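Analysis of the macromolecular model
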Amino acid sequence: MNVGRFINGLLIIAVGLLLLANTTGLISWSIWRELLRFWPILLILAGVSILLGGRTSAFGTLIAVLVIGGVVYLVFGVALGWGDYCNWWRGGSQSLSWMTVSQSLPADAETATISLKFGAGKLWLEAGQSGTLIEGTLGYLGDRPEERMELLDDGCRVDYRISHGMTGPGTFTGQEWDLRLTPHLPTSLILDIGACQAELNLTGVKLTKLDINVGASDLEIRLGDHGLDTEVDIKCGASSIDLYVPSGVGLRVRLTSALASNNLGEAGLAQNDEGYWVTAGYDEATTKVIVTIDAAASSFRLHR
């Protein structure tokens, strides 16, 4: 068996595994930026092929397998924080560090936008005090979350993000963010997270927009009725989604991909000619929630 062909085959398998993890939402596409840091590995593999003269041996096969396996483990370890290896690579500890956040509500703000971004972990959100835009604690591994506050023409925007954070061993281990949002202003909420377990109790938040982009996750979302229409856009990998909407709110749901299961019909929604699932009397409802879900191989449960 030719060494060059053997190594090329293993490289194709490694790339295929990464692409599969990307398309299923297990790993963000940003992993390819991380992979570029290890391009010298290609020189090592080329050197192995030259030393062995194009023909394989037990020793050569073992080296090739170890090198390719090391590359895959290295990339996945940096992305997902597997075990003690990630501690050594990042130079940190698996114990969480904590950051307390508190942003006062700007006096002239009429709307608010809140953006949260981290690699993977757990997230708890609920309504807070009327005089505060956002407050709570951020438990993090690796880099300290970045904080940014911006005043806009008619409102304000606050961002908390971890660009190169770590995750711990396990599906939803890593960052742990527990935050309370303003109940006073109409609010847009943007969540960009890897695999996560999220409990979003937004019944006390005047939510106008909820934009969720996550990997394989477990999501519980509770919405309230504040007389405002709310747009909900969910993009995720294979996930479990539970959405709670008050019975008096008009609801329209659009599915852009095939879910593994949903209970829309059982929950009283009917599919119209345009393919939307809608509640009875939707057009006459004073408060509406418009939901778009792009979540293949996921379970979606609606609770009224």
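Residues numbered from 1 in each chain as written. Predicted model: local features only at pLDDT ≥ 70, side-chain atom pairs only at ≥ 80, totals over all residues. Heavy atoms only, no water.

As for the environment of Val-101
Here Val-101 is to be found in strand β1 (residues 97-104). Judged by relative accessible area, Val-101 falls into the buried class, the value being 3%. Residues Val-101 and Glu-147, 46 residues apart in the sequence, show an inter-C-alpha distance of 8.9 Å. (Helix = DSSP H or I, 4+ residues; strand = E, 2+ residues; numbered from the N terminus. Buried < 20%, exposed > 50% of the residue type's maximum accessible area, 1.4 Å probe, protein only.)

Some words on the pattern of salt bridges
For the structure shown, the criterion picks out 6 salt bridges. Residue Glu-135 is joined to Arg-180 by a salt bridge in which the shortest nitrogen-to-oxygen separation is 3.8 Å. Placement of Glu-135 in strand β4 (residues 132-140) and of Arg-180 in strand β7 (residues 175-181) is noted, with a sequence separation of 45 residues between them. Residue Glu-135 is classed as buried on the basis of its relative accessible area of 15%. (Salt bridge = Lys/Arg side-chain N within 4 Å of Asp/Glu carboxyl O.)

Concerning a negative patch on the surface
There is a patch of like negative charges on the surface, built from Asp-108, Glu-110, Asp-153 and Asp-154. Turning to its location among the elements, Asp-154 is positioned in the loop between β5 (146-151) and β6 (155-161). Overall, the relative accessible area of 42% leaves Asp-154 in the partly exposed class. (Patch = residues over 30% accessible without salt bridge, like charges linked within 9 Å, V, L, I, M, F, W, Y side chains within 5 Å. Areas by Shrake-Rupley, 256 points an atom, 1.4 Å probe, with all protein chains shown as cover. Lys, Arg positive; Asp, Glu negative; His and termini not counted. Charge placed at Lys NZ, Arg CZ, Asp CG, Glu CD.)

A short note on the confidence of the model for the protein
Averaged over all residues, the pLDDT of the protein is 80; the fraction at 70 or higher stands at 73%. This stretch, residues 78-93, has a pLDDT under 50; its non-local contacts, to residues over four places away or in other chains, come to 38 contacts. Of the regions scoring below 50 in pLDDT, residues 165-172 engages in 38 contacts with residues more than four places distant in sequence or in other chains. (pLDDT = per-residue confidence, 0-100. Contact = heavy atoms within 4.5 Å.)

Some remarks on a nonpolar patch on the surface
On the surface, Trp-39, Leu-42 and Leu-43 cluster together into a nonpolar patch covering about 370 Å² of accessible area. Looking at the element boundaries, Leu-42 is found in helix α3 (residues 40-51). When its relative accessible area of 51% is taken as the criterion, Leu-42 is described as exposed.

Overview of the packing of aromatic side chains
The relation between two aromatic rings is expressed through the spacing of the ring centres and the mutual angle of the planes. Tallied over the full model, the rule gives 1 aromatic pair. Between Phe-118 and Trp-177, the ring centres sit 4.5 Å apart and the planes meet at 55°, which makes this aromatic pair tilted. Pair noted here: Phe-118 is in strand β2 (residues 111-118) and Trp-177 is in strand β7, with a separation of 59 residues, a long-range link. Taking relative accessible area as the criterion, Phe-118 reaches 3% and is therefore assigned buried. Here the basic side chain of Arg-222 rests over the ring of Tyr-244, its NZ or CZ set 3.8 Å away from the ring centre. (Phe/Tyr/Trp six-rings, centres within 6.5 Å; stacked < 30°, edge-to-face > 60°. Lys NZ or Arg CZ within 6 Å of the ring centre and 35° of its normal.)

Some remarks on the pairing of strand β9 (residues 196-202)
Burial of the side chains of β9 is restricted to one face: Cys-196, Ala-198, Leu-200 and Leu-202 are buried, whereas none of Gln-197, Glu-199 and Asn-201 on the reverse face is. The pairing of strand β3 (residues 121-127) with β9 spans 5 bridges and is parallel. In the strand pairing of β9, Leu-125 is matched with Leu-200. Pairing geometry for β9 and strand β11 (residues 218-223), over 6 bridges, is parallel. Its bridge partner lying in β11, Glu-199 is registered against Glu-220. (Pairing = 2+ DSSP bridges.)

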